[in-house]
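Breakdown of the fold
The chain contents come next:
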Amino acid sequence: MRRLSNKHRFINAWGVGSDLVALEESRGKGPPRRIALPAEWSCFLPRAQVPQELLRELRASTAVVGVAQEGDWIRVRWRTRDACLRVSRDFFPKKGIDVREGDVDPIARWLQESGAEVGRPRRAYLDIEADSRVALSDIKSARILCWALAVDADQEGPARTVARGLLEHDADEDEARVLRELVHALADFDQVLAWNGDSFDFPLLFARAVKVRLEADWRRWLWLDHLTLFRRSNINASESGDEKQSMALGKVAQRLLKRTTHETIDVSRSWEAWSAGGETRQALVDDCAHDVTIM
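Residues numbered from 1 in each chain as written. Predicted model: local features only at pLDDT ≥ 70, side-chain atom pairs only at ≥ 80, totals over all residues. Heavy atoms only, no water.

Some points on the pairing of strand S2 (residues 19–24)
Counting buried residues along S2, 5 of its 6 residues qualify, which places the element largely inside the surrounding structure. Alignment of strand S1 (residues 9–16) against S2, held across 6 bridges, turns out to be antiparallel. Note on S2: the bridge partner recorded for phenylalanine 10 is glutamate 24. Taking the residues between adjacent antiparallel strands as the criterion, S1 and S2 are bridged by 2 residues, where glycine 17 takes a positive phi near 65 degrees. (Buried < 20%, exposed > 50% of the residue type's maximum accessible area, 1.4 Å probe, protein only. Helix = DSSP H or I, 4+ residues; strand = E, 2+ residues; numbered from the N terminus. Pairing = 2+ DSSP bridges.)

Structure follows, in structure tokens:
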């Protein structure tokens, strides 16, 4: 595998068929540069345990991409993940061959062998409000009413809202517009955090994009639940049992920042606030903007 110079730093990668797509770190605006790479499923066999007859069979197999000796080991590159796993778990062990690394993911192998380094993602914080008439158990059916995005304080100075979106009409076409504006705003970032994002914001966003037929490659971003991250990092430092149980954003902000969320609108009645229009509708997105700066 071709080694990269130390100037190459990456912030994301995923598999696409038999290839990998890697996103190179960017310090500027707009989406990061995509680099296409071949995905490699390989296993390693001790040279002393592999007879010449088996080597010939491997080289002739249509399931094998290549066979190469590397020191005391033989690297066998396979066309598919299934073929590599099958022979590593069954075929070679039955022949008494001590196979190694047959289950290593192509991304992990690429990072290990290419010299690629992990870069620093450009981070933003997201908050979404949705139609309160829909039960939480069916949240993916709730129309997105508004969103706000804030820049990470330690990257751009004091935390500040950089973009927001607000639904104007109760229609799929307008919700699609609101989501297109969000995708456009996210273009300058690589990582997106939302409080309780795994249970609310992220599945809602992905589902509503499908509903309104908005095409977006969501793999382009790193999605991180800020609540889960905060809990893992801070729960042992809580001062009391009550604090350990209180993970609402407003409670956490009050405890750590001596501030509360700026809830001028009861989010359990978000639909009524949006339907009222005017200043009440605007207050809904204002609350989103305040919460992302708190995050």
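A word on the nonpolar core
If you look at the biggest cluster of nonpolar residues, it comprises 55 residues, and the most contacted ones within it are Trp147 and Leu149. The biggest single contributor to this core is strand S9 (residues 144–151), with 8 residues. Contacts of leucine 149, omitting those with residues within four sequence positions, involve Ala124, Tyr125, Leu126, Arg160, Thr161, Val162, Ala163, Ala185, Leu186, Phe189 and Val292. Counting 18 residues, the second largest nonpolar core, distinct from the first, contains Leu55, Val64, Trp78 and Phe92. (Core = buried A, V, L, I, M, F, W, Y, C linked by side-chain atoms within 4.5 Å. Contact = heavy atoms within 4.5 Å.)

Comments concerning the pattern of salt bridges
For the coordinates displayed, the defined rule picks out 26 salt bridges. Put simply, arginine 27 and glutamate 25 hold a salt bridge, and the shortest N to O gap is 3.5 Å. By relative accessible area, which is 67% here, arginine 27 ends up exposed. Here glutamate 40 and arginine 77 are joined by a salt bridge, their closest N and O atoms 3.7 Å apart. With a gap of 37 residues between them, glutamate 40 in the loop between strand S3 (34–38) and strand S4 (41–46) and arginine 77 in strand S6 (residues 73–78) connect regions that are remote in the sequence. Judged by its relative accessible area of 33%, arginine 77 is partly exposed. Each of Glu40, Glu70, Arg75, Arg77, Glu101, Arg109 and Glu113 takes part in one network of salt bridges that share partners. (Salt bridge = Lys/Arg side-chain N within 4 Å of Asp/Glu carboxyl O.)

Observations concerning the state of the cysteines
One pass over the full model with this rule turns up 0 disulfides. Take cysteine 43: it sits in no disulfide, and the sulfur closest to it among the cysteines is that of cysteine 84, at 4.9 Å. (Disulfide = S-S within 2.5 Å.)

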